[in-house]
Amino acid sequence: MDSTNQTLAAEFILLGFSKDLKTNIVLFMVFLLIYLVSISANGLILVLVLINSSLHIPMYFFLCILSLLDLTMTSAIIPKLLVDLISVQRIISLIGCRTQLYFVLLVGGTECLLLALMAYDRYVAICRPLHYPIVMRWSNCFRLTALVWILTFIILILPSIGKPPKLCYPNQINHFMCEALAVTQLSCENTHSSEVIVITCFLVLFIPFLFIIASYICILTSILKMKSTRSAKAFSTCTSHVTVVVLFYGTSVVMYFGPSSDYSTKYGKYFSVLTNIICPTLNPLIYCLHNKEMKEAQRKLFSRE
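Rules used in this analysis
- Counting from 1, residues in each chain are numbered in the order their sequence is written.
- In keeping with the model being predicted, local features are shown solely for residues with a pLDDT of at least 70 and side-chain atom pairs are shown and tallied solely at 80 or more, while totals for entire chains, interfaces and linings include all residues.
- Note that the side-chain values use all heavy atoms of the structure and ignore hydrogens as well as water.
- Lines fitted to the C-alpha atoms define the axes, with helices restricted to the stretch that makes contact. Angles between their N-to-C directions range from 0 to 180 degrees.
- Numbering of helices and strands runs from the N terminus, with a helix taken as a DSSP run of H or I at least four residues long and a strand as a DSSP run of E at least two residues long.
- A crossing counts as left-handed when the near helix is turned anticlockwise from the far one by less than a right angle, and as right-handed when that turn is clockwise.
- Residues count as neighbours in contact if any of their non-hydrogen atoms are within 4.5 Å of one another.
- Each residue gets one of three labels, nonpolar for Ala, Val, Leu, Ile, Met, Phe, Trp, Tyr, Cys and Pro, charged for Asp, Glu, Lys and Arg, and polar for the others, Gly among them.
- Any two strands with at least two DSSP bridges between them are considered paired.
- Partly exposed describes any residue whose relative accessible area lies between the buried limit of under 20% and the exposed limit of over 50%, with all areas from a 1.4 Å probe on protein chains only and scaled to the type maximum.
- Two rings from Phe, Tyr or Trp (for Trp, the six-membered ring) form a pair when their centres are within 6.5 Å of each other. A pair whose planes differ by under 30 degrees is stacked, one over 60 is edge-to-face, and the rest are tilted.
- UniProt positions are given in the numbering used here, feature names are shortened, and annotations may be inferred rather than shown by experiment.
- A pair of cysteine sulfur atoms is labelled a disulfide when the two atoms are within 2.5 Å.
- Roughly parallel means an angle under 35 degrees; roughly antiparallel, over 145; roughly perpendicular, 65 to 115; everything else is oblique.

**Remarks on the packing of helix H3 (residues 94-127) against helix H5 (residues 138-162)**
Here comes step 1: Their axes nearest at 9 Å, the elements H3 and H5 cross at an angle of 145°. Of the two possible hands of crossing, H3 and H5 adopt the one that is right-handed. Along the contact surface, H3 presents Tyr102, Leu105, Leu106, Gly109, Thr110, Leu113, Leu114 and Leu117, while H5 presents Leu144, Thr145, Val148, Trp149, Leu151, Thr152, Phe153, Leu156, Ile157, Ser160 and Ile161.
Here comes step 2: Its residues placed into classes, the contact of H3 with H5 shows 14 nonpolar, five polar and no charged.

This is the structure in structure tokens:
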């Protein structure tokens, strides 16, 4: 499609979920509750790790980063969604749309790599316990975390900033936010940008996922060689992470690699709720409920009060 024969869009209309006022009021209450839970749960993780010296280890340092990512994700999406649910016109500017898109891509891609990094931390702790203090010393943790952010920025954000797609009318986005696949449907140029995004997302999801699988194969092999008491304790430190990985990758795969592009366009916003809103809200709850050290830290915190 020749962009010279079309008018470039300066703002966009987010179609959202429904035009019915009663439905939007119910959705407003639901998403407001979810946002409050997300802020409270992720904030609790940060507070628990900061005030408990026993949690000042790499495993919980990475968990804090995960909570910050989840807070950023929900904060980049839900406030705008709440405003739109009670507004007559759901308009977002081109700059606002791109900013939201970049935040979601950066946070989502960083979380993929961070989950792989957390799996590596568990691998070293269980399979190479004598090397753990050296391999996962704080200087290495900081470098690895910085590398995760830098790689995500280079792979997902830098190409988009360097050559942003030209978006034309009709300026309606069939979504509640500026999601990558939904936005590229408005591209003026016949550059197959949707396919490029899918391939990039596939690589960002698939390569860390393979690394996670390989790490847990090694972990399970080591655990099976341990005594029952030690193996149970070792595996208990992994259950929360495994649950988060299954939840995150399960929803992401369905959203980006559905049966067809039409399927992704029509139902993508509903799977996006799971991936970008529900998962970041459930992650801290999973760690708080499944992790013994986190539950003990909660008990100490609330017993003081």
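The structure having been displayed, the exposition proceeds.
**Side note on the sheet that holds strand S1 (residues 11-14)**
Adjacent strands of a sheet pair through backbone hydrogen bonds, lying either parallel or antiparallel.
Here comes step 1: Spatially, S2-S1-S3 is the arrangement adopted by the three strands of the open sheet, whose pairing is mixed. In this open sheet, the two edge strands, each paired with only one partner strand, are strand S2 (91-93) and strand S3 (172-173).
Here comes step 2: Pairing geometry for S1 and S3, over two bridges, is parallel. Across the sheet, leucine 14 pairs through a bridge with isoleucine 173, a residue of S3.
Here comes step 3: Along the sheet face, H3 touches S1, S2 and S3 and points at about 85° away from the line of S2.

**Quick look at the pairing of S1**
Here comes step 1: Burial along S1 is one-sided: Phe12 and Leu14 are buried, while Glu11 and Ile13, pointing the other way, are not.
Here comes step 2: As paired elements, S1 and S2 share three bridges and run antiparallel to each other. Its bridge partner lying in S2, isoleucine 13 is registered against isoleucine 91.

**Topic: the environment of glycine 109**
Here comes step 1: Position of glycine 109 among the secondary structure elements: in helix H3.
Here comes step 2: Separated by 95 residues in sequence, glycine 109 and valine 204 place their C-alpha atoms 6.5 Å apart.
Here comes step 3: Those residues in contact with glycine 109 that sit more than four places away from it in its chain are Thr152, Leu156 and Val204.

**So, the packing of aromatic side chains**
Here comes step 1: For the structure on display, the rule yields 11 aromatic pairs.
Here comes step 2: Ring centres of phenylalanine 17 and tyrosine 270 lie 5.9 Å apart, and the angle between their planes is 45°; on these two criteria the pair is classed as tilted. Within this pair, whereas phenylalanine 17 is found in the loop between S1 and helix H1 (21-51), its partner tyrosine 270 is found in helix H10 (residues 261-290), the two being separated by 253 residues in sequence.
Here comes step 3: By way of ring pairs, the aromatic residues Phe17, Phe31, Phe176 and Tyr270 are connected into one cluster.

**Considering the UniProt feature "transmembrane region" (unreviewed entry) in the protein chain**
Here comes step 1: Feature annotation in UniProt assigns "transmembrane region" (unreviewed entry) to the following positions: residues 25-51, 60-81, 101-120, 141-161, 196-223, 235-258 and 270-290.
Here comes step 2: The span residues 60-81 is 100% helix and 0% strand, and its two end C-alpha atoms sit 31 Å from each other.

**Some thoughts on the state of the cysteines**
Here comes step 1: As enumerated under the stated definition, the model contains one disulfide in all.
Here comes step 2: The disulfide bridge from cysteine 97 ends at cysteine 178, spanning 2.0 Å between sulfur atoms. The chirality of the disulfide connecting cysteine 97 with cysteine 178 is left-handed, given an S-S dihedral of about -120°. Of the two residues, cysteine 97 is situated in helix H3 and cysteine 178 in the loop between S3 and helix H6 (180-184); the sequence distance between them amounts to 81 residues. Of the two residues examined, cysteine 97 and cysteine 178, each falls in the buried class.
Here comes step 3: There is no disulfide at cysteine 218, and the cysteine sulfur nearest it, in cysteine 127, is 5.8 Å away.

**Overview of the packing of helix H2 (residues 58-85) against H5**
Here comes step 1: The contact between H2 and H5 brings their axes to 11 Å, and the two run at 25°. Taken together, the axes of H2 and H5 are roughly parallel relative to one another. The chirality of how H2 crosses H5 is right-handed. Where H2 abuts H5, its residues Pro58, Phe61, Phe62, Ile65 and Leu69 lie against Trp138, Cys141, Phe142, Thr145 and Trp149.
Here comes step 2: Partitioned by chemical class, the residues of the contact of H2 with H5 number nine nonpolar, one polar and no charged.

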